[in-house]
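# Residue-level structural notes
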Amino acid sequence: MSMRKAENIDEVLLDLLCAKGQLVAESLRNSKISDVDINSKNKGPYTTETIKQVLQALSDEEFKNTEKMTKVYLHSRAFQEENSVIHVGNELIGKQQPQFIIGPCSVESHEQVYRVAEEMSKRGVSLLRGGAFKPRTSPYDFQGLGIEGLQILAEVARTYNMSVVTEIMSPESIAEAYDYVDVIQIGSRNMHNFDLLKTVGKLDKPVLLKRGLSATIHEFKMAAEYILNEGNKNVILCERGIRTYETATRNTFDISAIPILKQETHLPVFADISHAAGRKDILLPQAKAAFAAGADGIMAEVHPNPAVALSDAKQQMDLLEFAQFMDQLHHFLNRFFVST
Ligand code: PEP
Ligand code: MN
């Protein structure tokens, strides 16, 4: 019988699937396709080599699909149906109660952080944020106070019985920062820093993972997977706006990310309304929208005198604005959660 070499692989594939379906099915079931197997069944017209190539391609495709379909990610609802609840100080994050992470963009002085914390404590807010290691666009801009900034945060937090949420930018700073920090923030610019993700994955402290500047929801979830895969189960996701063509806001607040992340993962989801907007006149509607969409909490920046802030001056609320913001938001939340 004459054997012919395939010119067009699609033709061969079609032929094999239609006429030699049995052979394909059998060979796919065997992980190894041997020449002997094929030879014993191959009555032509195709060469054993051609059939082997097609079967291998089919087998690879089948393997990829099966893997995709059967892989259960640690962040997924398939892995864990119930919501993860993360303990931070006296707060339970992810347990239906709206949570707030508040504080200045950068730690600038003891007095500055103290005044913000004083205002927070009047409103029962105990998650204190502030950047000590700052990821700035320009190397000439204020880079943060480093360890001194962490010491300030820890001191103020102790005074008011609060917990410190602060960004760590590199695996090398973790050791010296460790004792001052309650929640390690991975900033947007570091969401793809896999070494950093793996390092914080080995720790026993909660991690607030911010969505990358241009990360898809899938990439965001997979960044969380890096942390979970190392053993740290305490991951909080934070939507903080993504880069789009829009210039009216600093970023585009992706409200749809919140219900999608809540649906597809068991992790708590926060919304950083300050970095999403880059302006403070729309913080209240953004916060309402975030909670209405299912967020477990929001993050916002507050500074006693935003005009002289060393970073993000335009988007930080002053103390009075913060007080009004919280009053109005609580009014909304009481109405919203009672009537739904
Ligand atoms: C921050 O929260 O201090 C910050 C720099 O935000 P992001 O990483 O989202 O830009
Ligand atoms: Mn900021």
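What comes next is a walk through the structure. (Residues numbered from 1 in each chain as written. Chains lettered and ligands numbered in written order. Predicted model: local features only at pLDDT ≥ 70, side-chain atom pairs only at ≥ 80, totals over all residues. Heavy atoms only, no water.)

### Describing the pattern of salt bridges
Worth spelling out the cut-off: One side-chain nitrogen of Lys or Arg within 4 Å of one carboxyl oxygen of Asp or Glu is enough to make a salt bridge. Residue exposure (1.4 Å probe, protein chains only): buried if accessible area is under 20% of the type maximum, exposed if over 50%, otherwise partly exposed. In this description a helix means any DSSP run of H or I spanning at least four residues, a strand means any run of E spanning at least two, and both kinds are numbered starting from the N terminus.
This structure, assessed with the given rule, holds 14 salt bridges. A salt bridge links Arg123 to Glu119, with the nearest nitrogen and oxygen atoms 3.1 Å apart. You can call Arg123 partly exposed: its relative accessible area is 23%. Of the charged contacts, one joins Lys221 and Glu264 as a salt bridge, the two residues approaching to 2.5 Å between their closest N and O atoms. One end of the pair, Lys221, is in helix H9 (residues 217-229); the other, Glu264, is in helix H10 (residues 257-264), with 43 residues separating them in the sequence.

### Structural notes on the packing of aromatic side chains
To keep things clear, this is the line we draw: Each Phe, Tyr or Trp ring (for Trp, its six-membered ring) is paired with any other whose centre lies within 6.5 Å, and the angle between the two planes then decides the class: stacked below 30 degrees, edge-to-face above 60, tilted in between.
Using the criterion set out here, one finds four aromatic pairs in the structure. Relative to Tyr160, the ring of Tyr114 lies with its centre 5.5 Å away and its plane at 50 degrees, an arrangement referred to as tilted. Taken together, the positions of Tyr114 in helix H5 (residues 110-122) and Tyr160 in helix H6 (residues 147-160) put the pair 46 residues apart, joining distant regions of the chain. Its relative accessible area of 30% is what places Tyr114 among the partly exposed residues.

### A few points about the pairing of strand S3 (residues 99-103)
As a reminder of what qualifies: Strand pairing is defined by DSSP finding a minimum of two bridges between the two strands. Handedness is read with the strands pointing away from the viewer; a crossover is right-handed when the path from the first strand over the helix to the second is clockwise.
For S3, the tally of buried residues reaches five of five residues, placing the bulk of the element in the interior. As judged from the five bridges shared by S3 and strand S10 (residues 297-301), these two strands associate in the parallel manner. Bridge pairing links Ile102 to Ala300 in S10. Pairing geometry for S3 and strand S4 (residues 127-129), over two bridges, is parallel. Note that in S4 the partner of Ile101 across the bridge is Leu127. Note that the unit made of S3, H5 and S4 has a crossover that is right-handed.

### Some thoughts on the coordination of the manganese ion (ligand 2)
For clarity, the threshold we go by: A donor here means any N, O or S atom no more than 2.8 Å from the metal (3.2 Å for Na, K and Ca); water is not included, so a site may seem to lack partners.
Protein-derived coordination of the manganese ion (ligand 2) comes from Cys105 (SG), His275 (NE2), Glu301 (OE) and Asp312 (OD), at a distance range of 2.0 to 2.4 Å. Look at where the donors of the manganese ion (ligand 2) fall in the sequence and you get C-x169-H-x25-E-x10-D. One end of the pair, Glu301, is in strand S10; the other, Asp312, is in the loop between S10 and helix H13 (319-339), and eleven residues separate them in sequence. Like Glu301, the residue Asp312 is buried in the burial classification.

### Some points on the site of ligand 1
Heads up, the condition is: If a single non-hydrogen atom of a residue is within 4 Å of a molecule or strand, that residue counts as near it. N or O atoms closer than or at 3.5 Å make up a polar contact, with two conditions inside protein: a donor-capable atom paired with an acceptor-capable one, and, for residues adjacent in sequence, both atoms drawn from side chains. For accessible areas, the Shrake-Rupley method is used with a probe of radius 1.4 Å. Any residue's cover is judged against the shown protein chains and nothing else. When residues are grouped by polarity, Ala, Val, Leu, Ile, Met, Phe, Trp, Tyr, Cys and Pro land in nonpolar, Asp, Glu, Lys and Arg in charged, and all others, Gly among them, in polar.
Close to ligand 1 lie Arg129, Lys134, Glu167, Gln185, Gly187, Ser188, Arg189, Lys210, Arg240 and His275. Within the contact set of ligand 1, an oxygen atom lies 3.3 Å away from a side-chain nitrogen or oxygen of Lys134. At 2.9 Å from an oxygen atom of ligand 1 is found a side-chain nitrogen or oxygen belonging to Gln185. With the chains in place, 96% of the 300 Å² that ligand 1 exposes on its own is no longer accessible. Of the residues assigned to the shell around ligand 1, the class counts are no nonpolar, four polar and six charged.

### As for H5
Here is the rule we go by: A helix is expected to reach a length of 1.5 Å times the quantity of its residues less one.
In a regular helix each residue adds 1.5 Å, so 13 residues correspond to 18 Å; H5 covers 18 Å between its end C-alpha atoms and thus fits that length. Positioned one or two residues after H5, Gly124 has a phi angle of 70 degrees, which is positive.

### Considerations on the nonpolar core
Note the following rule: What we call a nonpolar core is a set of buried Ala, Val, Leu, Ile, Met, Phe, Trp, Tyr and Cys residues that are connected through their side-chain atoms within 4.5 Å. We call two residues contacting when some pair of their heavy atoms lies within 4.5 Å.
Leu209, Ile298, Phe325 and Leu329 are the most contacted members of the largest nonpolar core, which totals 68 residues. In terms of residue count, the dominant contributor to this core is H13 (seven residues). Those residues within four positions of Leu329 in sequence are excluded, and the remaining contacts are Phe100, Leu284, Ala287, Lys288, Phe291 and Ile298. Core analysis: the next-biggest nonpolar cluster, separate from the first, contains twelve residues, Leu127, Leu208, Phe270 and Met299 among them.

### So, the sheet that holds strand S5 (residues 163-167)
Quick note on the threshold: The convention used is that axes are lines fitted to C-alpha atoms, helices contributing only their stretch in contact, and that angles between N-to-C directions extend from 0 to 180 degrees.
Strands sit in the order S3-S4-S5-S6-S7-S8-S9-S10 around a closed barrel of eight strands; the barrel is parallel. Each strand of the sheet is rotated relative to its neighbour by a mean of 25 degrees, with strand direction disregarded. Along the sheet face, H10 touches strand S8 (235-239) and strand S9 (269-272) and points at about 165 degrees away from the line of S9. With respect to the sheet, helix H12 (residues 283-292) is in contact with S3, S9 and S10, its orientation differing from that of S10 by roughly 160 degrees.

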